[in-house]
Amino acid sequence: MLDRRQRASEVHQNNLIYKGYRLTAKVSRGAGAEVEAPPSGPVFIASVMVVQAGAVLEGGDEYPVPCFAEGGFVFSPREAVHAAILHGREIVDGLTNLPS
């Protein structure tokens, strides 16, 4: 049986509290200028919002996810959320200067 922490790391949430910051993945369908040659079927891209967890009224800062900013895409919203949240964690680690 998986412990609670291990199961939580396998779930791809679009909102996550990490080291006192709320990370929110913003997923959209990749189309037009974002994706050069879309394959058949939908593709997805994402960005991540980072805000201190206690800041209820603040919108936070939105950061592009490097792999999507460079023209990349994924084939499911779940993969886009995963990439955005991972990038958000890297941003928070840089802000707090603490390794994950």
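Refer to the structure above for everything that follows.
Described in the following lines is the structure provided in the data block.

Cut-offs applied
- One numbering rule holds for all chains: residues counted from 1, following each sequence as written.
- Only residues with pLDDT of at least 70 are given local features in this predicted model, and only at 80 or more are side-chain atom pairs given and counted; all residues enter the totals for whole chains, interfaces and linings.
- In computing side-chain properties, one takes all heavy atoms of the structure into account and sets aside hydrogens as well as water.
- Runs of E in the DSSP output that reach at least two residues are strands. Runs of H or I that reach at least four are helices, and both are numbered from the N terminus.
- Contacts were defined at the residue level, with two residues in contact if any of their heavy atoms lie within 4.5 Å.
- Centres within 6.5 Å are what make two rings of Phe, Tyr or Trp a pair, Trp counting through its six-membered ring; a difference in plane orientation under 30 degrees is then read as stacked, over 60 as edge-to-face, and the rest as tilted.
- Relative accessibility thresholds used throughout: buried, under 20% of the residue-type maximum; exposed, over 50%; partly exposed, between the two (1.4 Å probe, protein chains only).

Looking at the secondary structure, you find His87 in helix α3 (residues 77–96). Discounting chain neighbours no more than four positions away, the residues touching His87 are Val48, Pro64, Val65 and Pro66.

For the structure on display, the rule yields one aromatic pair. When the centroid spacing of 5.6 Å and the interplanar angle of 90° are considered together, the rings of Phe73 and Phe75 count as edge-to-face. Of the residues examined, Phe75 reaches a relative accessible area of 53% and is grouped as exposed.

Residues apart from glycine generally show negative phi values, whereas peptide bonds are mostly found in trans. In this structure, Lys19 is a non-glycine residue whose phi angle is positive, near 50°. Along the chain, Lys19 falls in the loop between β1 (15–18) and β2 (21–29). For Lys19, a relative accessible area of 34% gives the class partly exposed.

We now examine the environment of Val48. Its location among the elements puts Val48 in strand β3 (residues 44–52). Under the relative-accessibility criterion, Val48 is labelled buried at 0%. Separated by 33 residues in the primary sequence, Val48 and Asn15 place their C-alpha atoms 9.6 Å from one another. Apart from residues no more than four positions distant in its own chain, Val48 is found in contact with Leu23, Thr24, Asp61, Glu62, Tyr63, Val65, Ala84, His87, Gly88 and Ile91.

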